[in-house]
Amino acid sequence: MSEALIDIVPVSDHPGTSRWQALAPRGVVAGVASLRPIIPLGPGAPELHVYVEPQWRRRGIGSRLLATARKQLAEPRLVADVVAGSPGEAFCQRHGFRHTRSRRHHLLTYCDVHRAWLGELVDAEHAGYRLTHWTGDLPDAPRIEELLRSPGRPGNALLTAADADGDPAAYAVAVVGVLPEPRARQWGPAVLPEHRGRRLGRWVNAALIQRLREVHPHVNKIETVTAEDDLHLLAVRQDLGFRLVRRTHLYELDDTLAPGWRGM
Ligand SMILES: CC(C)(COP(=O)(O)OP(=O)(O)OC[C@H]1O[C@@H](n2cnc3c(N)ncnc32)[C@H](O)[C@@H]1OP(=O)(O)O)[C@@H](O)C(=O)NCCC(=O)NCCS
């Protein structure tokens, strides 16, 4: 069957995410693409996912899906996370993406976590600091201080912070519902520079893990992504029992570097 008969059509079933299908005759889905925001805290380029069924590859379908996604971009940048040495990496290189980071993906499985041990970590005193939690739906470009001051409500995000005299010193965030499985995605922990060296990252992360289970008991795994050169954060992951599941390369496509970018 010729790829000229393939139509790229938008799909509108995921709020906040743009999705397309590459449809062959008789409704056969030859490939899919999506653009979704990746970083709930602060600005970030949307993440592109393209998948083409193996029997349809190397016929330009992935490139057509990418071209459609690029036309929809409200900003000049997008990123893609691909396994090193994979067709996805060759595809990104072919389309002018730049390798910006090497990353490690970890998974924490609740049934591997010893609850009493976790409880001890959370209960350990950190003089001058206090744990606080906030739940709700993350707004666009949220600010940690404002979230912690705002009333909590039911929602898909949980923010745990260690505060010192009312100001956040360290925090971590988990969001449920971004992944189809009963999994949460975690960002952080982040520790503000003047509060480093006091094991606050491990503390807020342990508290987040504990609280997440109370608020969303159906969640059985937590996923994280860490820059390969962030040795400190990798040590916290290992300490808390996160297992390495894969290594990837983050690629970025920056249209402002291309001739003719329309400007924003
Ligand atoms: C990556 C993927 C989307 C490419 O889809 P595709 O329809 O085969 O892509 P295209 O035919 O448009 O390929 C465009 C170019 O990318 C490069 N490329 C794609 N697959 C390649 C491979 N396996 N090896 C080497 N180069 C490859 C080539 O330069 C190709 O041009 P050419 O065929 O004229 O040589 C597909 O292999 C896939 O679904 N992989 C699994 C998911 C994935 O890794 N996605 C990452 C992107 S976000």
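Everything below is about the structure printed above this text.
Colleague: I keep staring at helix 2 (residues 87-94) and nothing clicks. Help me out?
Modeller: Side chains three or four residues apart in an α-helix point the same way, a direct result of the helix having 3.6 residues per turn. Those residues of helix 2 lying buried are Gly88, Phe91 and Cys92. Across the axial projection of helix 2, the buried residues extend over an arc of 95°, all falling on one side. For helix 2, the exposed residues set more than 90 degrees away from the buried face come down to Ala90 and Arg94. Where helix 2 is buried, its residues contact helix 1 (61-72), strand 5 (77-83) and strand 12 (243-254). Positive backbone phi, at 85°, marks Gly96, one or two positions downstream of helix 2.

Colleague: In this structure, what is going on with the site of the ligand? I would like to understand it.
Modeller: What surrounds the ligand is a group of 20 residues, the closest being Gly62, Ser63, Pro87, Gly88 and Ala90. Contributing elements (two or more residues each) for the shell around the ligand: strand 4 (47-52), helix 1, strand 5 and helix 2. Each residue belonging to the shell around the ligand can be placed in one class, and the counts come to 10 nonpolar, six polar and four charged.

Colleague: What should I look at first to understand the packing of helix 5 (residues 200-215) against helix 6 (residues 231-240) in this one?
Modeller: Axes are the key here: two packed helices are described by the angle between their axes and the distance separating the axes. Taken N-terminus to C-terminus, the directions of helix 5 and helix 6 make an angle of 45°; their axes are 10 Å apart at the nearest point. As judged from the angle between their axes, helix 5 and helix 6 are oblique. As helix 5 runs across helix 6, the sense of the crossing is right-handed. When helix 5 is examined against helix 6, the residues Gly201, Arg202, Asn205, Ala206 and Ile209 are found in contact with a partner set consisting of Val236, Asp239 and Leu240. Its residues assigned to classes, the contact of helix 5 with helix 6 comprises four nonpolar, two polar and two charged.

Rules of the game
- Residues numbered from 1 in each chain as written.
- Predicted model: local features only at pLDDT ≥ 70, side-chain atom pairs only at ≥ 80, totals over all residues.
- Buried ≥ 20, exposed ≤ 12 C-beta atoms within 10 Å, placed from the backbone.
- Helix = DSSP H or I, 4+ residues; strand = E, 2+ residues; numbered from the N terminus.
- Arc of directions from axis to C-beta.
- Contact = placed C-beta atoms within 7 Å.
- Near = placed C-beta within 6 Å.
- Nonpolar A, V, L, I, M, F, W, Y, C, P; charged D, E, K, R; others polar.
- Axes fitted to C-alpha atoms, helices over the stretch in contact; angles between N-to-C directions.
- Parallel < 35°, antiparallel > 145°, perpendicular 65-115°, else oblique.
- Left-handed = near helix turned anticlockwise from the far one by under 90°.

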